[in-house]
Amino acid sequence: MEKIQLCVKYAEAAIGRDAIDALRPEAEKALRTLVNGDGAGNDFLGWLRLPADTTPELVADINATAEALRRDCDTVVCIGIGGSYLGAKAVLEALGSQFGKADGPEVLFAGQNIGEDYLYELQQYLRGRRFGIIVISKSGTTTEPAIAFRLLKEQLEAQAGREAAAKLIVAITDARRGALRTLATSEGYKTFVIEDNVGGRFSVLTPVGLLPIAVAGHDIQALLDGAKAMQEATLDGSDSQAMLYAMTRNALYRAGKKIEILVNYSPKLHYMGEWWKQLYGESEGKDHRGIFPAAVDNSTDLHSMGQWIQDGERTIFETVISVDKQSHRVEIPTDADNLDGLNYLAGKRVDEVNKMAELGTRIAHVDGGVPNMRIIIPSLDAASLGQLIYFFEVACGMSGYMLGVNPFNQPGVEDYKRNMFALLEKPGYEEATKAIKERI
């Protein structure tokens, strides 16, 4: 298995290698804290050894469940929000074809928003179609997915009948408690467990992510194998790339670089940026600290955000994901008239042009005061994505501890919920309703 590689050359040029190496003792301590499980949030470290601990029996069960859905459904709707949505979406976008129907059922998503038009149009699309549901929620009461599930469950039962619908719904939820667990038990849904010690943003390598990925026809064992290789190399200290990433981004932060922009040059990686934003934003943004995570898709965004990145406020740095080998080959043809002036590129692969755009941009940004790192992944395959996912997860844990925060809680996420429930006059929120209505 080819390994992903991290290059920090253009970050060193900005702050010096000494500034990065000075943080090694902190990074080593952070890794020990993760491995020993004796830091803040240590009750949410179930993801740390997950790739190696996932049993062949669980993988076989997920694959068998996915095959049943693939056989009986034209469309499978995956209902979840945050980490129960973004990880699977990121992998599906990276591995799937961007045009045309996939080999097997299409996987759509719901419960990641409260858009009325979105849900209406989804229900209209599903009318008369053979569809199934994967519903993901520890509690079963999270507002966005709960609304979507109530609507789609009712529609599925109306179209297929209640007994048949029960065989087309898979619940991924708490092992023992919660509204969704109660419903799944009473209705006889097939279930998988979200372990208490795995937070949503670290759950892509659990059934939360693996089942939708398997339904789409992708190799979940290869995904786990890639993550396992990165896990073993990182935790035993033989590969320090995740540690180097944590060190470098913290050195840049301490040098005044407060915003990290994750850059890709493959449109298939757009949702990997969205998943990464949640992982780092929710893990590090606490106690008025933390690097702000942003993402761009180049070369597209060079024609929109490029000006700001090149010449705007110098509080940013970039991490570029570069895909070494493409899955297909497209060469630029010669044109006799050459009206577009592109004959100097004739015979070159499109990827060669893309790589030069990437390199030229990185140099321009460094010259403009924007340090950058580069993560090279071998290709857009399951094993490479598994490596990348675990790389970002373990680096996030280390980086959070280096920042001095608990990387595994999210206290600020609850604030909007309390206000929303008060405004909607949810039972039990009477005093909060009264107080917030006096403010508006």
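All of these numbers come straight from a predicted model, not from anything done at the bench.

> Sorry, what's going on with the overall build of the chain here?
Looking only at helices and strands, the chain features 19 helices and ten strands. Taken along its principal axes, the extent of the C-alpha atoms in the chain is 60 × 60 × 50 Å. Each of the 440 residues in the chain was classed as buried or not, and the buried ones make up 50%. Residue pairs in contact within the chain that sit at least 24 positions apart in sequence constitute 79% of those at least 6 positions apart. Just so you have it, the chain exposes about 20100 Å², and 51% of that area is on carbon and sulfur atoms. The averaged location of the 60 negative side-chain charges in the chain is 3 Å from the averaged location of its 47 positive side-chain charges.

> When you look at helix H18 (residues 413-423) in this model, what are you seeing that I'm missing?
Buried within H18 we find Met420, Phe421 and Ala422. In this fold, the buried residues of H18 make contact with helix H8 (143-160) and helix H19 (430-437). Looking one or two residues beyond H18, the residue adopting positive phi is Glu425, at roughly 60°.

> Can you walk me through the packing of aromatic side chains in this structure?
Describing an aromatic ring pair means giving the distance of the ring centres and the angle of the ring planes. Using the criterion set out here, one finds 14 aromatic pairs in the structure. Relative to Tyr390, the ring of Trp47 has its centre 6.1 Å away and its plane inclined at 50°; by these criteria the two rings are tilted. Of this pair, Trp47 sits in the loop between helix H3 (24-36) and helix H4 (50-53) while Tyr390 is found in helix H17 (residues 382-403), placing the two residues 343 residues apart along the sequence. Tyr390 shares its class with Trp47; the two are buried. Ring geometry for Tyr85 and Phe109: centres 5.4 Å apart, planes at 70°, overall edge-to-face.

> Looking at this model, I keep getting lost on helix H6 (residues 86-95). Mind explaining?
Helical geometry note: an α-helix holds 3.6 residues per turn, so side chains three or four residues apart project in the same direction. Of all ten residues that make up H6, eight are buried, and the element is covered over most of its length. Of the residues making up H6, those classed as buried are Leu86, Gly87, Ala88, Lys89, Ala90, Val91, Leu92 and Ala94. Those residues of H6 hidden inside the fold are in contact with strand E3 (106-110), helix H11 (207-215), helix H12 (220-235), helix H14 (270-284) and H17.

> Could you clarify how one ought to interpret the sheet that holds strand E4 (residues 131-136) in this entry?
On the basis of which strands lie adjacent, the open sheet formed by five strands has the order E3-E2-E4-E5-E6 and parallel pairing. If you trace the sheet from one side to the other, it starts and ends with E3 and strand E6 (190-193), each paired once. For this sheet the average axis-to-axis angle between neighbouring strands, irrespective of direction, equals 20°. Pairing geometry for strand E2 (residues 75-79) and E3, over five bridges, is parallel. If you follow Ile79 over to E3, its bridge partner there is Ala110.

> Would you mind going over a nonpolar patch on the surface with me for this structure?
Taken together, the side chains of Met356, Leu359 and Ile363 present a nonpolar region at the surface, about 250 Å² in accessible area. Here Met356 is to be found in helix H16 (residues 350-367).

> Any chance you could explain the pattern of salt bridges here in plain terms?
When charged atoms on two side chains of opposite charge get close, those side chains can pair. A complete count under the given rule lists 25 salt bridges for this structure. With its nearest N and O atoms 2.8 Å apart, the salt bridge here joins Arg254 to Glu26. Pair noted here: Arg254 is in helix H13 (residues 241-254) and Glu26 is in helix H3, with a separation of 228 residues, a long-range link. The class for Glu26 is partly exposed, based on a relative accessible area of 31%. Close ionic contact of Asp415 with Arg418 constitutes a salt bridge, the shortest N to O distance being 2.2 Å. Here the residue Asp415 and the residue Arg418 both occupy positions in helix H18, the gap between them amounting to three residues, near one helical turn. When its relative accessible area of 37% is taken as the criterion, Asp415 is described as partly exposed. For Arg418, a relative accessible area of 43% corresponds to the partly exposed category. Because the salt bridges share partners, they merge into one network encompassing Asp174, Arg176, Arg177 and Asp196.

> I would appreciate a short explanation of the nonpolar core in the present structure.
Generally speaking, soluble globular proteins have nonpolar side chains that are buried together. Counting residues in each nonpolar core, the largest one holds 115 residues, and the members touching the most others are Trp275 and Phe392. It is H17 that provides the largest number of residues to this core, a total of 14 residues. Membership of the second largest hydrophobic core comes to eight residues, among which are Ile261, Tyr265, Val296 and Val370.

> Hey, could you run me through the side chain of Thr33 in this one?
Relative to the assigned elements, Thr33 resides in helix H3. In this structure, Thr33 is in contact with Asp38, Gly39 and Tyr401, ignoring residues within four places of it in sequence.

> Could you clarify how one ought to interpret the pairing of strand E7 (residues 259-264) in this entry?
Regular strands have side chains that alternate between both faces of the sheet. E7 sits mainly inside the fold: five of its six residues count as buried. Pairing of E7 with strand E8 (residues 292-297) involves six bridges; the strand directions are parallel. Bridge pairing in E8 links Val263 to Val296. In terms of handedness, the path from E7 via H14 over to E8 forms a crossover that is right-handed. In this structure, E7 lies alongside strand E9 (residues 316-325), joined through six bridges in parallel fashion. Directly across from Glu260, in E9, lies its bridge partner Phe317.

> I tried to follow the packing of H6 against H14 on my own but got confused; where do I start?
To characterise two packed helices, one gives the angle between the axes of the helices and the distance between these axes. Taken N-terminus to C-terminus, the directions of H6 and H14 make an angle of 155°; their axes are 8 Å apart at the nearest point. The angle between the axes of H6 and H14 places the two elements in the roughly antiparallel class. The two elements H6 and H14 meet at a crossing, and its hand is left-handed. In contact with Leu86, Gly87, Lys89, Ala90 and Glu93 of H6, H14 contributes Tyr271, Met272, Glu274, Trp275 and Gln278.

Cut-offs and rules
Residues numbered from 1 in each chain as written. Predicted model: local features only at pLDDT ≥ 70, side-chain atom pairs only at ≥ 80, totals over all residues. Heavy atoms only, no water. Helix = DSSP H or I, 4+ residues; strand = E, 2+ residues; numbered from the N terminus. Buried < 20%, exposed > 50% of the residue type's maximum accessible area, 1.4 Å probe, protein only. Contact = heavy atoms within 4.5 Å. Areas by Shrake-Rupley, 256 points an atom, 1.4 Å probe, with all protein chains shown as cover. Lys, Arg positive; Asp, Glu negative; His and termini not counted. Charge placed at Lys NZ, Arg CZ, Asp CG, Glu CD. Phe/Tyr/Trp six-rings, centres within 6.5 Å; stacked < 30°, edge-to-face > 60°. Pairing = 2+ DSSP bridges. Axes fitted to C-alpha atoms, helices over the stretch in contact; angles between N-to-C directions. Patch = residues over 30% accessible without salt bridge, like charges linked within 9 Å, V, L, I, M, F, W, Y side chains within 5 Å. Salt bridge = Lys/Arg side-chain N within 4 Å of Asp/Glu carboxyl O. Core = buried A, V, L, I, M, F, W, Y, C linked by side-chain atoms within 4.5 Å. Right-handed = clockwise from strand over helix to strand, strands pointing away. Parallel < 35°, antiparallel > 145°, perpendicular 65-115°, else oblique. Left-handed = near helix turned anticlockwise from the far one by under 90°.

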